Amino acid sequence: MNSTDGMMLELLDIEKVYRGGKVAVDGLTLRLGPGLLGLLGPNGAGKSSLMRVAATVTRPTRGHVRYAGTDVVARPDALRGVLGYLPQDFGVYPNLTAREFLSYLAAAKGLSARSARARIGELLELVNLTSAGRRPLGKYSGGMLRRVGIAQALLGDPEVVIVDEPTAGLDPEERVRFRNLLSDLAADRVVLLSTHIVSDVESVAGDIAIVAGGRLLRRGTPEELLRDVDGQVWEMTVDPAETGRIQERYTVSRIVRGATGVRVRLLAPVSPAPDARPVPPDLEDAYLAVIRTAGAPARQTTGGFR
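Reading guide: rules and limits
Residues numbered from 1 in each chain as written. Predicted model: local features only at pLDDT ≥ 70, side-chain atom pairs only at ≥ 80, totals over all residues. Heavy atoms only, no water. Helix = DSSP H or I, 4+ residues; strand = E, 2+ residues; numbered from the N terminus. Rg over C-alpha atoms; globule rule 2.2 N^0.38 Å. Buried < 20%, exposed > 50% of the residue type's maximum accessible area, 1.4 Å probe, protein only. Contact = heavy atoms within 4.5 Å. Polar contact = N/O pair within 3.5 Å; in protein donor to acceptor, adjacent residues only side chain to side chain. Salt bridge = Lys/Arg side-chain N within 4 Å of Asp/Glu carboxyl O. Phe/Tyr/Trp six-rings, centres within 6.5 Å; stacked < 30°, edge-to-face > 60°. Axes fitted to C-alpha atoms, helices over the stretch in contact; angles between N-to-C directions. Parallel < 35°, antiparallel > 145°, perpendicular 65-115°, else oblique. Left-handed = near helix turned anticlockwise from the far one by under 90°. Nonpolar A, V, L, I, M, F, W, Y, C, P; charged D, E, K, R; others polar. UniProt positions renumbered as here; feature names shortened; annotations may be inferred. Core = buried A, V, L, I, M, F, W, Y, C linked by side-chain atoms within 4.5 Å.

Along the protein chain, the regular secondary structure elements total 10 helices and 14 strands. Over its C-alpha atoms the protein chain spans a radius of gyration of 21 Å, differing by no more than 12% from the 19 Å that the globule rule assigns to 306 residues. In terms of overall dimensions, the protein chain has a C-alpha envelope of 70 × 45 × 40 Å along the principal axes. Counting only residues that meet the buried cut, the protein chain has 50% of its 306 residues in that class. The long-range fraction of contacts in the protein chain, counting pairs at least 24 apart against all pairs at least 6 apart in sequence, stands at 68%.

Written as structure tokens, this is what we have:
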């Protein structure tokens, strides 16, 4: 691992336009040093397109990508040699075992056979797949395949780790394990985590960027984002017949059915009803406030009615 001096990944005025004129990323700028940046936004926000540009998988229509001062659009190998990347759609060879698949990728990265064997053993233990390492990947569950994807992203002990929706298909225990792993990695690496799930970033990211419509809407620490909505989050119990009207009028972050009615959590600048009580905001509230202020549709990550 090199010194963290100069480990700066810069995405400068990035625009990505696909055939037919669809604008996926619209003039977005991010600068990342060592640490973990959580890129948070609804599905279709342009996150995956931005991640592919950052990982040199695709070229931007306009803008620059630099790592340690080097233009990696012109010289992609300057980043690829120190990059670990897990795309949202991660494919494998189903007839290979996990060890065989990782050995193949290690050889492609230039690792020696001896160092690859040791590293693969470490990574399989890290993602809790040691006992399944010799099983064909075609017999893995979706969550197990995601863990193989995480392992391959870390093969070369990368300086930059880019992971796109990494917890898709993982069970709750695996999600916690992976979030802890990312947090450890971010101590001396540039880590970019893209997700639409607030809980994936709230416990590990000290820096959060919220995007929608291909644009950066807000960037700040969790504490800064929470301050934005302090005093604007309320809870009240209503008749079930009233929930539709409330959702039309307010940004609702949570709806929970109970024996005495429906408990609604919502955002409003002043009290929405005499019996509404103020409650401390959480990151879900802050995220929804940013998304709805920008007029972007937000997927309700808490599951709606419960």
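Having put the structure on the table, let's press on.
Looking at where D285 falls in the secondary structure, it is placed in helix α10 (residues 283-293). Using a relative accessible area of 0% as the deciding quantity, one classes D285 as buried. A polar atom in the side chain of D285 sits 2.8 Å from the side chain of S253. Aside from chain neighbours lying at most four places away, what touches D285 is V229, V233, S253, R265, L267 and P280.

This next bit is on the pattern of salt bridges. Pairs may arise between side chains of opposite charge once their charged atoms sit close together. All told, the structure shown has 20 salt bridges when counted by the stated rule. With a closest N to O distance of 3.2 Å, R62 and E15 form a salt bridge. One end of the pair, R62, is in strand β4 (residues 62-67); the other, E15, is in strand β1 (residues 9-17), and 47 residues separate them in sequence. Of the residues examined, E15 reaches a relative accessible area of 18% and is grouped as buried. Salt-bridge contacts for E174 lead to R147; the nearest nitrogen and oxygen are separated by 2.6 Å. With a gap of 27 residues between them, E174 in helix α6 (residues 172-185) and R147 in helix α5 (residues 142-153) connect regions that are remote in the sequence. With respect to class, E174 is no different from R147; both count as buried.

Right, let's get into the packing of aromatic side chains. On inspection of all chains with the given rule, the structure shows 3 aromatic pairs. Centre to centre, the rings of F90 and F101 are 6.0 Å apart; their planes meet at 70°, and the pair counts as edge-to-face. Taken together, the positions of F90 in the loop between β6 (83-86) and α3 (98-108) and F101 in helix α3 put the pair 11 residues apart, joining distant regions of the chain. Taken together, the ring pairs connect F90, Y93, F101 and Y104 into an aromatic cluster.

One can describe the packing of α3 onto α5 by two numbers: an axis separation of 10 Å at closest approach and a directional angle of 30°. The angle between α3 and α5 falls in the class roughly parallel. α5 is crossed by α3, and the crossing has right-handed handedness. Across from A98, F101, L102 and L105 in α3, the residues of α5 making contact are V148, A151 and Q152.

Turning to unusual backbone geometry, a few remarks are in order. A positive phi angle, close to 50°, is found at D13, a residue other than glycine. Tracing the chain through its elements places D13 in strand β1. A residue is classified by how much of its surface remains accessible, and D13, at 34% relative accessible area, is partly exposed. Unusually for a residue other than glycine, D157 sits at a positive phi of about 50°. Along the chain, the position of D157 falls in the loop between α5 and β7 (160-164).

Let's shift gears to the packing of α3 against helix α4 (residues 113-126). Running from amino to carboxyl end, α3 crosses α4 at an angle of 130°, the nearest separation of the two axes being 10 Å. Regarding the angle of α3 to α4, the classification is oblique. Crossing handedness for the pair α3 and α4: right-handed. In this structure, α3 uses A98, R99, L102, S103 and A106 to contact α4, whose residues at the interface are A116, I120, G121 and L124. Split by residue class, the contact of α3 with α4 holds 6 nonpolar, 2 polar and 1 charged.

According to UniProt, the "domain: ABC transporter" (unreviewed entry) feature falls on residues 9-238. Helix makes up 32% of residues 9-238 and strand 29%, whereas the separation of the span's terminal C-alpha atoms amounts to 48 Å.

Core analysis: the biggest nonpolar cluster contains 53 residues, and L36, L129, Y140, I150, L182 and I208 have the highest contact counts within it. Here I150 is in contact with L86, V127, P166, L170, F178 and L181, once residues within four sequence places are set aside.

Okay, the side chain of E235 next. Tracing the chain through its elements places E235 in strand β11 (residues 233-238). Judged by its relative accessible area of 13%, E235 is buried. At 3.1 Å, the side chain of E235 and the side chain of R265 are in polar contact. The contacts of E235, once residues within four sequence positions are left out, are R263, V264, R265, D275, A276, R277 and V279.

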